[in-house]
Amino acid sequence: SELIRGFLLSGMPCPSSCPPGLLALMAPGLALMATFSLPSQAGDRRALPVEKPPGVKGRTLILLDVNTKSPVRIISENFLSLQLKSAAGTGPPAEPSRAFPGSRRLVTLARGLAPAFLRFAGKRTDFLQFHNVKNPAKSRGGPGPDYYLKNYEDDIVRSDIALDKQKGCKIAQHPDIMLELQREKAAQMHLVLLKEQFSNTYSNLTLTARSLDKLYNFADCSGLHLIFALNALRRNPNNSWNSSNALSLLKYSASKKYNISWELGNEPNNYRTLIGRSVNGSQLGKDYTQLRSLLQLIRTYSRAHLYGPNIGRPRKNVIAFLEGFMKVAGGTVDAVTWQHYYIDGRVAKVTDFLKTRLLDTLSDQIRKIQKVVNTYTPGKKIWLEGVGMTSAGGMNNLSDSYAAGFLWLNTLGLLASQGIDVVVRHSFLDHGHNHLVDQNFNPLPDYWLSLLYKRLIGPKVLAIHVAGLQRKPRPGRVIRDKLRIYAHCTSYHNHNYVRGSITLYIINLHRSRKKIKLAGTLRDKIVHQYLLQPYGKDGLHSKSVQLNGQPLAMVDDGTLPELKPRPLRAGRTLVIPPLTMSFYVVKNVNALACRYR
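Scope of this entry: the structure provided in the associated data block. All of these numbers come straight from a predicted model, not from anything done at the bench.

1. A few points about the pattern of salt bridges
- Here the structure, examined in full by the defined rule, presents 13 salt bridges.
- Linking E385 and R119 is a salt bridge whose minimum nitrogen-to-oxygen distance equals 3.2 Å. Within this pair, whereas E385 is found in strand β13 (residues 381-390), its partner R119 is found in strand β4 (residues 116-121), the two being separated by 266 residues in sequence. This pair shows no difference in class: E385 is buried, exactly as R119 is.
- Taking the shortest distance from any N to any O, the salt bridge between D364 and K368 comes out at 3.5 Å. Of this pair, D364 and K368 both sit in helix α12 (residues 361-376), four residues apart, which is roughly one turn of the helix.
- Judged by its relative accessible area of 37%, K368 falls in the partly exposed class.

Spelled out as structure tokens, the structure:
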């Protein structure tokens, strides 16, 4: 019986020398294995429902193996990237920025998620005007609130975040009163922006040279590559793009030798609701062709990357927009981009984040986008460039809570398994409740989840093989998978693990614990567990998390905490607590797919 059990768990065929009696004994077990084994495909996670054998009462036992020979997908090193909304970096009309991230704490948090892209964009990108002026302070008094506010812009490049080629980035420590005034100013700006959003009337915003310097230096000091979305709503009478202001910004950036990638506009299929005038896909394609020509005229940006068109959810009219764009500019862009928001943030409930039907909505969108892209430019990279758990700014204690992480982690796994090259999280820092860092510069649960992902997950996606026992489905009811399992090669940047290690990440939406037995190539290996759970009495609504039972918090403004694993003995069954997210590094697998970059 032990021999039979060994063959079943390892997946090895019985040698030809097996006696007939042994083969007869093994036949029922092999038949059962064939009944619930899944095909080897990226993203396969579901155990087929089968009858419960006698003695199994409501438990799910899962056998898990991974194909270690070759990856099924290879995604960008910058797969998990960030967005910073344009409104977070601009003041009221004609007023210089006081809200770009400039504190040591924010740079520390951003560095934790590097390497990544930092996309500077949003609805108000299309109302942004660049002015090449320095806006020095007009007066200088003694130290005090007015002194700091008046001189903040004048001193920003020199003292806030200054690039020094010999000493690296220097980040100033501003007095507490300055940071408090900065937060108050940002809160006031947020109210202005909310008023504009509800009235659907938007005023122009001014971006000064100082503000652009600060934005670029923040990205550069944080190890992020800046993507800047230019204003697409400056139109000529014939509805073609007016590039004069963009050209001024491009020339200034080139004079500073800033390494920037570019976009044009944000969710252009929605322009009619913003300005009462639409821009169709073909016209936007011509505008992108014009922008590419401008970039080629400027030596610094002659080979710069260009991304777009950043459309909204791919409904029928949006798909038609994308087709018109691809016909004209499919070969002009380096990646095709779109946005996705799961829930209307004004009506969301915590149970929404646990619905598998909601988690699966993204798959259909991916197929629609891929179909269009592959029709016009086969093999072109696709980005989900702007994803949030909820729309309308999110909802307090929901989209900024532990519960929202189920959607976020599943989004990462699903996109990677289906070959989407980059996902840009909306947003890194902002007012509202959809971000990774709150307005007081404190990391929220999705930040810690993203940090774990960055530390443990590499760009090579692996196929998994799952087999298990489930409850028998009730007649007429579709069983949806509440246990999501994904596998990658462990990040090469993590020096705690040798190359060839594998990382699993698991979402358990069941209200009971689940057990997973590692089989095949993963059998009898030492495993490191990183179990992320809510911390405190608020449960799924909590804005704090614990890793393996220890609360996560910054050590100080310049130091992130050590992410300590819990070692599990070789061969131990993985026990996944209910309503949790977890990562498991399977050490020393020596996986062929993971040995080399």
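2. A closer look at the packing of aromatic side chains
- Evaluation of the coordinates by the stated rule reveals 16 aromatic pairs.
- What links up through ring pairs into an aromatic cluster is the set F79, Y453, Y486, Y505 and F583.
- Sitting above the plane of the Y492 ring, R499 keeps its charged end 4.9 Å from the centroid.

3. A look at the sheet that holds strand β19 (residues 514-518)
- Taken together, the four strands give an open sheet; going across it, the order is β16-β1-β19-β24, and neighbouring strands pair in mixed fashion. Strand pairing shows two members of the sheet lacking a second neighbour, β16 (464-468) and β24 (574-576), which therefore form its edges. The sheet shows a mean angle of 25° between the axes of neighbouring strands, taken without regard to direction.
- In this sheet, β16 lies alongside strand β1 (residues 61-66) in antiparallel orientation, the contact comprising five bridges.

4. Here's the deal with helix α10 (residues 316-329)
- Given a rise of 1.5 Å per residue, 14 residues ought to cover 20 Å, and the 20 Å separating the end C-alpha atoms of α10 matches this to within 8%.
- Buried within α10 we find V318, I319, F321, L322, G324, F325, M326 and A329.
- In the core, the buried residues of α10 are packed alongside α9 (281-297), β11 (307-311), β12 (335-343) and α12.

5. As for the environment of L436
- Looking at the secondary structure, you find L436 in the loop between β14 (422-426) and α14 (445-456).
- Given a relative accessible area of 0%, L436 falls into the buried group.
- Between the alpha carbons of L436 and W448 there is a distance of 8.4 Å; along the sequence they are 12 residues apart.
- Non-local contacts of L436, meaning those with residues more than four positions away in its chain, are made with L82, L113, R425, S427, F428, N442, P443, L444, D446, Y447 and S450.

6. Structural notes on the packing of α10 against α12
- Where α10 contacts α12, the two axes come as close as 10 Å, and the packing angle between them is 25°. Between α10 and α12, the angle is such that the two are roughly parallel. Crossing geometry of α10 relative to α12 is assigned as right-handed. Mapping the contact onto sequence places I319, L322, E323, M326 and K327 in α10 and K368, I369, V372, V373 and Y376 in α12.
- The residue makeup of the contact of α10 with α12, split by class, is seven nonpolar, no polar and three charged.

7. A few points about the nonpolar core
- The biggest cluster of nonpolar side chains holds 123 residues, and the ones touching the most others in it are F228, W262, Y301, W338, Y453 and F583.
- With eight residues, helix α13 (residues 405-417) is the single largest residue contributor to this core.
- With residues near it in sequence (within four places) discarded, W262 still touches I227, F228, L230, L249, L250, S253, L295, Y301, A304, H305, L306 and Y307.
- With 26 residues, the next largest nonpolar core counts L504, V527, V586 and C594 among its residues.

8. Quick word on unusual backbone geometry
- At the junction of A114 and P115, the peptide bond is cis and its omega measures out at -5° in the coordinates.
- In this structure, the amide linkage connecting G308 to the following residue, P309, adopts the cis form with an omega of 5°.
- Residue placement: P309 occurs in strand β11.
- If you check the backbone angles, N239 has positive phi at about 75° while not being a glycine.
- Residue placement: N239 occurs in the loop between β9 (224-230) and α7 (244-255).
- For K257, which is not glycine, the phi dihedral falls at a positive 55°.
- For K257, the location among the structural elements is in the loop between α7 and β10 (260-264).

9. Points about the environment of N266
- Position of N266 relative to the elements: it lies in the loop between β10 and α8 (271-275).
- With relative accessibility at 8%, the residue N266 sits in the buried group.
- Between the C-alpha atoms of N266 and Q339, which are 73 residues apart in sequence, the distance is 9.5 Å.
- With residues up to four places along the chain from it excluded, the contact list for N266 reads R119, A121, G122, K123, D126, Y271, N310 and Q339.
- In this structure the side chain of N266 is engaged in a polar contact, spanning 3.1 Å, whose partner is the side chain of Q339.

10. With respect to the side chain of T377
- With respect to the element layout, T377 can be found in the loop between α12 and β13.
- Relative accessible area serves as the criterion here: at 14%, T377 is assigned to the buried category.
- Residues in contact with T377, not counting those within four places in the same chain, are M326, G330 and G331.

11. As for the side chain of H426
- Its location among the elements puts H426 in strand β14.
- One polar contact links H426 to Y341, side chain to side chain, over a distance of 3.0 Å.
- Once you skip the residues sitting within four places of it in the chain, H426 turns out to touch Q83, K85, Y341, V387, G388 and N434.

12. Focus: the pairing of strand β25 (residues 580-586)
- Of all seven residues in β25, seven are buried; the element is thus mostly enclosed.
- Going residue by residue along β25, you find T580, S582, Y584 and V586 tucked away on one face and M581, F583 and V585 tucked away on the opposite face as well.
- Sheet analysis places strand β20 (residues 527-534) next to β25, joined by six bridges and oriented antiparallel. Looking across to β25, one finds that H528 is bridged to V585.

Each value, and the rule that gives it
Residues numbered from 1 in each chain as written. Predicted model: local features only at pLDDT ≥ 70, side-chain atom pairs only at ≥ 80, totals over all residues. Heavy atoms only, no water. Salt bridge = Lys/Arg side-chain N within 4 Å of Asp/Glu carboxyl O. Helix = DSSP H or I, 4+ residues; strand = E, 2+ residues; numbered from the N terminus. Buried < 20%, exposed > 50% of the residue type's maximum accessible area, 1.4 Å probe, protein only. Phe/Tyr/Trp six-rings, centres within 6.5 Å; stacked < 30°, edge-to-face > 60°. Lys NZ or Arg CZ within 6 Å of the ring centre and 35° of its normal. Pairing = 2+ DSSP bridges. Axes fitted to C-alpha atoms, helices over the stretch in contact; angles between N-to-C directions. Expected span 1.5 Å × (residues − 1). Contact = heavy atoms within 4.5 Å. Parallel < 35°, antiparallel > 145°, perpendicular 65-115°, else oblique. Left-handed = near helix turned anticlockwise from the far one by under 90°. Nonpolar A, V, L, I, M, F, W, Y, C, P; charged D, E, K, R; others polar. Core = buried A, V, L, I, M, F, W, Y, C linked by side-chain atoms within 4.5 Å. Polar contact = N/O pair within 3.5 Å; in protein donor to acceptor, adjacent residues only side chain to side chain.

Geometric values such as these leave the question of function open.
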